[in-house]
Structure formats: C-alpha cells, structure tokens
Amino acid sequence: MIRVVVAGGLMLAGLFTFGIATIGIFRFSHTLNRIHVAAKCDTLGALLVMLGLAVMSGWNVFSLKLALVIAFLWMTGPVASHIVARA
C-alpha cells in the first residue's frame, strides 16, 4: 500500500513537471528560454515518472533497466538541448 502511494506521488509530480514545462514553452518569448525550459523540465519529469515506475515494480530487472534509462536521459538530455541551441 505504501509503495503504491509513493509511486503515485512520484508519477504525479513528474506529470506536474511536464505540465509546467508545457506552460513555460508557450509563455516564454525567446527561443533559448524555451529550449532551456524544455530540457530541464523534461529531464526532471522523466526522472520522476520513471522513479515512480521503479518503485511500483519493486527490486527486479525492470527497475534496473529503468535506472539505466534514467542515467542515459540525464547524460544526453542537456547535451542534446545544448547542441540544438548552438545550431
């Protein structure tokens, strides 16, 4: 029961972060500000949602795969947005 509540809270926090990012993309006027909001909030939102999924599934191979995906997103998300901004 506690695991479901914690996982649900993490997933809702991730969805809230995605929603704030969407509002920020429409509110900011400059392109670089939009890229910054999209990169930071999408990385954090994906982290929270995947952590919620890992908590929900427990300690198994699926949670290890989610941890690897989280690490990959944390390394490549900001780099990709920086490359897009520089182009």
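Residues numbered from 1 in each chain as written. Predicted model: local features only at pLDDT ≥ 70, side-chain atom pairs only at ≥ 80, totals over all residues. Heavy atoms only, no water.

Q: Now, about the side chain of Ser63: what can you tell me, with residues and values included?
A: Within the secondary structure, Ser63 sits in helix H3 (residues 61-86). The exposure class of Ser63 is buried, given its relative accessible area of 9%. Of note is the side chain of Ser63, whose polar atom sits 3.1 Å from the backbone oxygen of Gly58. Apart from the residues lying within four places of it in its own chain, the contact partners of Ser63 are Ala54, Ser57 and Gly58. (Helix = DSSP H or I, 4+ residues; strand = E, 2+ residues; numbered from the N terminus. Buried < 20%, exposed > 50% of the residue type's maximum accessible area, 1.4 Å probe, protein only. Polar contact = N/O pair within 3.5 Å; in protein donor to acceptor, adjacent residues only side chain to side chain. Contact = heavy atoms within 4.5 Å.)

Q: Now, about helix H1 (residues 2-27): what can you tell me, with residues and values included?
A: End to end, H1 covers 37 Å across 26 residues, agreeing with the expected 38 Å (1.5 Å per residue, within 8%). Residues Ala7, Gly14, Thr17, Ala21 and Gly24 constitute the buried set of H1. Buried residues belonging to H1 abut helix H2 (31-57). (Expected span 1.5 Å × (residues − 1).)

Q: Account for the environment of Gly77, naming residues and giving values.
A: Turning to its location among the elements, Gly77 is positioned in helix H3. Along the sequence, Gly77 and Val61 sit 16 residues apart, while their C-alpha atoms lie 24 Å from each other.

Q: With reference to specific residues and values, describe the packing of H2 against H3.
A: Running from N to C, H2 and H3 cross one another at 180 degrees; their axes reach a closest spacing of 9 Å. Of the possible angle classes, the one that applies to H2 and H3 is roughly antiparallel. For the pair H2 and H3, contact is made by Leu32, Ile35, Ala39, Thr43, Ala46, Leu47, Met50, Leu51, Leu53, Ala54 and Ser57 and by Phe62, Ser63, Leu66, Val69, Ile70, Leu73, Trp74, Gly77, Pro78, Ser81, Val84 and Ala85, respectively. When its residues are assigned to classes, the contact of H2 with H3 shows 18 nonpolar, 5 polar and no charged. (Axes fitted to C-alpha atoms, helices over the stretch in contact; angles between N-to-C directions. Parallel < 35°, antiparallel > 145°, perpendicular 65-115°, else oblique. Nonpolar A, V, L, I, M, F, W, Y, C, P; charged D, E, K, R; others polar.)

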